[in-house]
Amino acid sequence: MPFWKGKNVLVTGGTGFIGSHLADLLTSHGASIRVTSKERSGKKARVGHAESASNIEVMPCDLRNVADCRKAVEGMDAVFHLAAIVGGVNYNIEHPATMIRDNGLITSNTLDAIRNSHVERTVISSSAFVYSDSVDGILKEEMGFVGEPDKAKFGYAWSKRFDELMAKAFSEEFGMKIGIARPFNTYGPRDFFNPMKSHVIPSIINQIMTESKVRIFGTGQQERSFVFVKDVAEGFTMLGEKYPKPDPINFGTDKGIKIIDLAEKIAELMGKEVKIEKDLSENPGRMKRICDTSKAERILGFRPKTSLDNGLRQTIEWFRENTGA
């Protein structure tokens, strides 16, 4: 992608799951990358196969601090803002104010620093969590602020809604070029397999490997769509190049799968026989939540390239190689 060649690009949260893949992709397109990391102890940052490359700079900083934000943004042509405070379900339920306060500070400080440094363009990473659980079926971008977010993700979801509002406000008042990405259920290598933080696919893989069983909420008939992390990273770069406007775009797939079928598929790919336990006491969420991809395809020409089977194989392989399982 010639657009990114020679550009200085900051990826906040670039040592995280999606951010590390985005940093790798931008590096392959010839950009010079700086990533921020919350880690100040000297621990090696996670920036994938390019982590030792001379054109990736890892900057430890706290983006809740204005001075750190200004230092991170200095000299950049573009910023992909993915940094956020995240947590598991229990943390989200117990700390809604912390999530809104800290993530709001991180984004407002970063946008202010971008404005003062005259950065050419920005992409803000929102989340499919902005969609309320009261909304069922095919999720279109205009449904993003309909209803209240579920309690289990209330603080985080509202912080992402606030991010989108700030992107629109900064764009309108200061004429900044800011795109808004809404990634859906993203999975792949380097995902979080810690049971306290993991989402559906890494949770299933971990349970199969360690317990030879899978616990699912409800009957497992609820349908979801999943998108491979490298496809999401590509979507972000396309958004930054072609549509840096404060108009949200979904990144996901329009192909759904029932959770019980997903668990059986992963077990088959892992060569394991497992027992599936249905926990009917837990809230399974809405029966169908699928990403509408028409806007991304129409405006960006974006379509995910990785099939679910292929993506799952790569994820399982990474898990085995990095856990010794």
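Everything here concerns the structure above.
For the structure given in this document, a descriptive report is provided here. Because the structure is predicted, anything quoted here is derived from the model rather than measured.

### Examining the sheet that holds strand β4 (residues 78-81)
- In spatial order, the strands read β3-β2-β1-β4-β5-β7-β11; together these seven strands make up an open sheet with parallel pairing. Where the open sheet ends on each side, the last strands, each with one partner, are β3 (56-60) and β11 (249-251). Taken over all neighbouring pairs, the strand axes of this sheet differ in orientation by 20° on average, direction set aside.
- As judged from the five bridges shared by strand β2 (residues 32-37) and β3, these two strands associate in the parallel manner. Along β3, the bridge assignment pairs Thr36 with Met59.
- Against the sheet, helix α4 (residues 96-117) engages β1 (8-12), β4, β5 (121-125) and β7 (178-183), with an angle of about 175° to β4.

### Here's the deal with the pattern of salt bridges
- Inspection of every chain in the model, using the stated rule, returns 20 salt bridges.
- Across the pair Asp292 and Lys140 runs a salt bridge whose closest N-O atoms are separated by 3.0 Å. Residue Asp292 is located in the loop between β14 (288-291) and α9 (294-300), and its partner Lys140 is located in the loop between β6 (137-139) and α5 (154-174); the two are separated by 152 residues in the primary sequence.
- You can call Lys140 partly exposed: its relative accessible area is 32%.

### Notes on the packing of aromatic side chains
- The final tally for this structure, using the stated rule, is ten aromatic pairs.
- Sitting over the ring of Phe145, Arg161 keeps its end group 5.2 Å from the ring centre.

### Side note on a nonpolar patch on the surface
- Taken together, the side chains of Phe145, Phe162 and Leu165 define a hydrophobic patch exposed on the protein surface, amounting to about 260 Å² of accessible area.
- By the element assignment, Phe145 lies in the loop between β6 and α5.
- The exposure class of Phe145 is partly exposed, given its relative accessible area of 33%.

### A look at the pairing of β2
- Within β2, five of the six residues are buried, which leaves the element mostly enclosed by the surrounding structure.
- The pairing of β1 with β2 spans four bridges and is classified as parallel. Note that in β2 the partner of Leu10 across the bridge is Arg34.
- After leaving β1, the chain enters helix α1 (residues 17-28) and then returns to the sheet as β2, a path that is right-handed.

### Points about the side chain of Thr122
- Looking at where Thr122 falls in the secondary structure, it is placed in strand β5.
- Judged by its relative accessible area of 2%, Thr122 falls in the buried class.
- If we ignore the near neighbours within four places in the chain, the residues touching Thr122 are Val79, Ile114, Lys177, Ile178 and Gly179.

### Examining the packing of α1 against helix α7 (residues 229-242)
- As a packed pair, α1 and α7 sit with axes 9 Å apart at the nearest point and diverge in direction by 60°. Here α1 runs over α7; the crossing is right-handed. Of α7, the residues touching α1 (which contributes Phe17, Ile18, His21, Leu22, Leu25 and Leu26) are Val229, Lys230, Val232, Ala233, Glu234, Phe236 and Thr237.
- Of the residues that constitute the contact of α1 with α7, the class distribution is nine nonpolar, two polar and two charged.

### What to know about the nonpolar core
- Core analysis: the biggest nonpolar cluster contains 30 residues, and Leu26, Ile33, Phe80 and Phe236 have the highest contact counts within it.
- Elements with a minimum of two residues in this core: β1, α1, β2, β4, α7, β11 and α9.
- Residues Ala84, Ile114, Val119 and Ile180 belong to the second largest nonpolar core, which totals 26 residues.

About the thresholds
Residues numbered from 1 in each chain as written. Predicted model: local features only at pLDDT ≥ 70, side-chain atom pairs only at ≥ 80, totals over all residues. Heavy atoms only, no water. Pairing = 2+ DSSP bridges. Helix = DSSP H or I, 4+ residues; strand = E, 2+ residues; numbered from the N terminus. Axes fitted to C-alpha atoms, helices over the stretch in contact; angles between N-to-C directions. Contact = heavy atoms within 4.5 Å. Salt bridge = Lys/Arg side-chain N within 4 Å of Asp/Glu carboxyl O. Buried < 20%, exposed > 50% of the residue type's maximum accessible area, 1.4 Å probe, protein only. Phe/Tyr/Trp six-rings, centres within 6.5 Å; stacked < 30°, edge-to-face > 60°. Lys NZ or Arg CZ within 6 Å of the ring centre and 35° of its normal. Patch = residues over 30% accessible without salt bridge, like charges linked within 9 Å, V, L, I, M, F, W, Y side chains within 5 Å. Areas by Shrake-Rupley, 256 points an atom, 1.4 Å probe, with all protein chains shown as cover. Right-handed = clockwise from strand over helix to strand, strands pointing away. Left-handed = near helix turned anticlockwise from the far one by under 90°. Nonpolar A, V, L, I, M, F, W, Y, C, P; charged D, E, K, R; others polar. Core = buried A, V, L, I, M, F, W, Y, C linked by side-chain atoms within 4.5 Å.

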